[in-house]
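Working through the structure, step by step
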Amino acid sequence: MSRLKITEIFYSLQGESSTIGKPTLFVRLTGCPLRCVWCDTEYAFSGGTYRQLDELITEIESYQPQHICITGGEPLAQKQPCEELLKALCDRGYLVSLETSGAICIANVDARVNKVMDLKAPGSGEMSKNLYTNIAHLTKQDEVKFVLTDRQDYDWAKMQIDQYQLAKKTNVIMSPCYGQINERDLAEWIIADNLPVRFQIQLHKLLWNDAAGH
């Protein structure tokens, strides 16, 4: 039977993406092949506890969650068991989202899952890890997220939106990197350029100062 290495499971409000503000059960998988310079979940790179898939699903169901977010680290670093978990949760009728770095193929992720996929900007230090073939597997129910540290990141993101026609394929989010860029500046750039994107600030950082388990 499949097993997954889990860093934490907790119930909170979704702090970003199209479901921002909704009560959500977070299942944080351990491990990530990237090392973004602004990463806020380095504690999920290692450690964790192995859980059998059926036991994990039983615990998830005990929360009676409105929505489930599978996150990391990079959840698809545990590719096959993660994909099995996503399918099993969808089969049980849950609304499920996957937060993924965009560095691992998403082709086999269950079509019912809301994929929230990063494209790493230059300021992340991991731009070379972007797997652009993933864009073909995104739909209108999915989302591409850009975390931006400065104007260079913003201009780079604009080029990706234009080159890959992202706004026609899926939903696009721009998020200011916490503590590195003025949020109002980013908002005004988006307004000035009339970009077809959603601006967001990470709600959980405003409410809980980025504490683990929130």
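Let us look at the structure shown here. (Residues numbered from 1 in each chain as written. Predicted model: local features only at pLDDT ≥ 70, side-chain atom pairs only at ≥ 80, totals over all residues. Heavy atoms only, no water.)

**What to know about a nonpolar patch on the surface**
Side chains of I201, L206 and L207 sit close together on the surface and give an oily, nonpolar patch of about 270 Å² of accessible area. Looking at the element boundaries, L207 is found in helix α6 (residues 203-208). (Patch = residues over 30% accessible without salt bridge, like charges linked within 9 Å, V, L, I, M, F, W, Y side chains within 5 Å. Areas by Shrake-Rupley, 256 points an atom, 1.4 Å probe, with all protein chains shown as cover. Salt bridge = Lys/Arg side-chain N within 4 Å of Asp/Glu carboxyl O. Helix = DSSP H or I, 4+ residues; strand = E, 2+ residues; numbered from the N terminus.)

**Side note on unusual backbone geometry**
The step from G72 to G73 runs through a cis peptide bond, and the omega angle for that step is 20°. Tracing the chain through its elements places G73 in the loop between β4 (68-71) and α2 (79-91). A positive phi angle is found at N194, which is not glycine, with a value near 50°.

**What about helix α5 (residues 183-193)?**
For α5, every residue scored as buried is listed here: L186, W189 and I190. Taken around the axis of α5, the buried residues stretch over an arc of 95°, which confines them to a single face. Those residues of α5 that are exposed and angled more than 90 degrees off the buried face are R184, I191 and A192. Tucked into the core, α5 has its buried residues touching β7 (143-148), α3 (151-163), β8 (171-176) and β9 (198-199). (Buried < 20%, exposed > 50% of the residue type's maximum accessible area, 1.4 Å probe, protein only. Arc of directions from axis to C-beta. Contact = heavy atoms within 4.5 Å.)

**Focus on the pattern of salt bridges**
As enumerated under the stated definition, the model contains 14 salt bridges in all. With a closest N to O distance of 3.2 Å, K145 and E16 form a salt bridge. You can see K145 sitting in strand β7 and its partner E16 sitting in the loop between β1 (3-13) and β2 (23-29), a full 129 residues away along the chain. Among the residues examined, E16 registers a relative accessible area of 9% and is labelled buried.

**Some remarks on the packing of α3 against α5**
Between α3 and α5, the shortest axis-to-axis distance is 11 Å and the interhelical angle comes to 35°. In this structure, α3 crosses over α5, and the sense of that crossing is right-handed. Counting all contacts with α3, which are made through R151, Y154 and K158, the residues of α5 involved are L186, W189, I190 and D193. In terms of residue class, the contact of α3 with α5 is built from four nonpolar, no polar and three charged. (Axes fitted to C-alpha atoms, helices over the stretch in contact; angles between N-to-C directions. Left-handed = near helix turned anticlockwise from the far one by under 90°. Nonpolar A, V, L, I, M, F, W, Y, C, P; charged D, E, K, R; others polar.)

**Observations concerning the packing of aromatic side chains**
Going through the model one piece at a time under the given rule, you end up with five aromatic pairs. Considering the side-chain rings of F10 and F26, the 5.0 Å spacing of their centres and the 15° angle between planes classify their relative orientation as stacked. Separated by 16 residues along the polypeptide, F10 in strand β1 and F26 in strand β2 bring together distant segments of the chain. The class of F10 is buried, set by a relative accessible area of 8%. Between the aromatic rings of Y11 and Y63, the centroid separation amounts to 6.4 Å while the plane-to-plane angle is 25°, which identifies the pairing as stacked. A residue pair is termed long-range when its members are at least 10 positions apart, and Y11 in strand β1 and Y63 in the loop between α1 (53-62) and β4 qualify at 52 residues. On the accessibility criterion, Y11 (33% relative accessible area) is partly exposed. You can call Y63 partly exposed: its relative accessible area is 32%. When the ring centre of Y50 is taken as reference, the NZ or CZ atom of R3 above it lies at 3.7 Å. Sitting over the ring of F45, R35 keeps its end group 3.7 Å from the ring centre. (Phe/Tyr/Trp six-rings, centres within 6.5 Å; stacked < 30°, edge-to-face > 60°. Lys NZ or Arg CZ within 6 Å of the ring centre and 35° of its normal.)

**Quick notes on the sheet that holds β2**
Taken in spatial order, the nine strands make up an open sheet running β3-β1-β2-β4-β5-β6-β7-β8-β9, and their pairing is mixed. Every other strand in the sheet has two partners, leaving β3 (49-52) and β9 as the edge strands with one partner each. The pairing of strand β5 (residues 96-100) with strand β6 (residues 114-118) spans four bridges and is parallel. Pairing of L98 across the sheet is with K115, part of β6. Strand contacts of α3: β7 and β8, with the helix running at about 160° to β7, the strand carrying the most contacts. (Pairing = 2+ DSSP bridges.)

**Some remarks on the environment of F45**
With respect to the helices and strands, the residue F45 is situated in the loop between β2 and β3. On the basis of relative accessible area, F45 is assigned to the buried category, the value being 19%. Through-space distance from the C-alpha of F45 to that of N114 is 23 Å; in sequence the pair is 69 residues apart. Sequence-distant contacts of F45, defined by excluding residues within four places in its chain, comprise T30, G31, C32, L34, R35 and C39.

All we've got here are geometric facts, nothing functional implied.
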